[in-house]
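Structural features, examined
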Amino acid sequence: MDEYDTEWIARRAYTLWEEEGRPDGRHDHHWQQAVAAYETLRASANATTSNAQRRIRKARESTPTTTPETPTAAQTPSSSRGARKG
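Fair warning: this is a prediction, and the values are worked out from it, not measured in the lab. (Residues numbered from 1 in each chain as written. Predicted model: local features only at pLDDT ≥ 70, side-chain atom pairs only at ≥ 80, totals over all residues. Heavy atoms only, no water.)

1. Describing a positive patch on the surface
Convention followed: By definition, no residue in a patch forms a salt bridge, and every one has over 30% relative accessible area; like charges are joined within 9 Å, nonpolar side chains (Val, Leu, Ile, Met, Phe, Trp, Tyr) within 5 Å. All accessibility values rest on the Shrake-Rupley procedure with a 1.4 Å probe; residue burial counts only the protein chains present in the view. Note on definitions: salt bridges are taken to be side-chain nitrogens of Lys or Arg within 4 Å of carboxyl oxygens of Asp or Glu. His residues and chain termini do not enter the charge count, which takes Lys and Arg as positive and Asp and Glu as negative. To locate a charge, take atom NZ for lysine, CZ for arginine, CG for aspartate or CD for glutamate. Secondary structure counts use DSSP, requiring at least four H or I residues in a row for a helix and at least two E residues in a row for a strand, with both numbered from the N terminus. For every residue, the accessible area obtained with a 1.4 Å probe (protein chains only) is divided by the maximum for its type, and the residue is called buried under 20%, exposed over 50%, and partly exposed between those limits.
Taken together, Arg54, Arg55, Arg57 and Lys58 make up a surface patch of like positive charges. With respect to the secondary-structure elements, Arg54 resides in helix H2 (residues 27–62). For Arg54, a relative accessible area of 42% translates into the label partly exposed.

Encoded structure:
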C-alpha cells in the first residue's frame, strides 16, 4: 500500500466534516473522501513532475553546445545619433 500523509488526510476529513455541518456518524465517509482527494492531488503532482522532467531533458538535448557570439562594437552598425543633418 502507498504511503499516505495521514496528517493531511485528517485535516481534509475534518474540513469536510465541518463543511457538512458537523454531522454525527460520517467520519468514515469524510475519511474516504479525503483519501480520494489526496490520491488525486498526488497523481497530479507526479504527472506535473514527470512532465517538467521531460521538458527539461528535451531542452537540454536541444541546447547548442556552443554559445552564439555576441556582436562587438566594431561589428554593430554605427548609430546616426548625434550626427547633424545639413
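2. Considerations on the packing of aromatic side chains
Definition in use: The pairing test for Phe, Tyr and Trp rings, Trp by its six-membered ring, is centres within 6.5 Å, and the orientation test on the planes gives stacked under 30 degrees, edge-to-face over 60, and tilted for anything in between.
A full pass over the atoms with the stated rule returns three aromatic pairs. Residues Tyr14 and Trp17 carry aromatic rings whose centres are separated by 5.3 Å and whose planes lie at 45° to one another, so their mutual orientation is tilted. Linking Tyr14 with Trp17, this pair stays in helix H1 (residues 6–19), spanning three residues, or about one helical turn. Taking relative accessible area as the criterion, Trp17 reaches 25% and is therefore assigned partly exposed. The structure contains a cluster of three or more aromatic residues connected by ring pairs, namely Tyr4, Trp8 and Tyr38.

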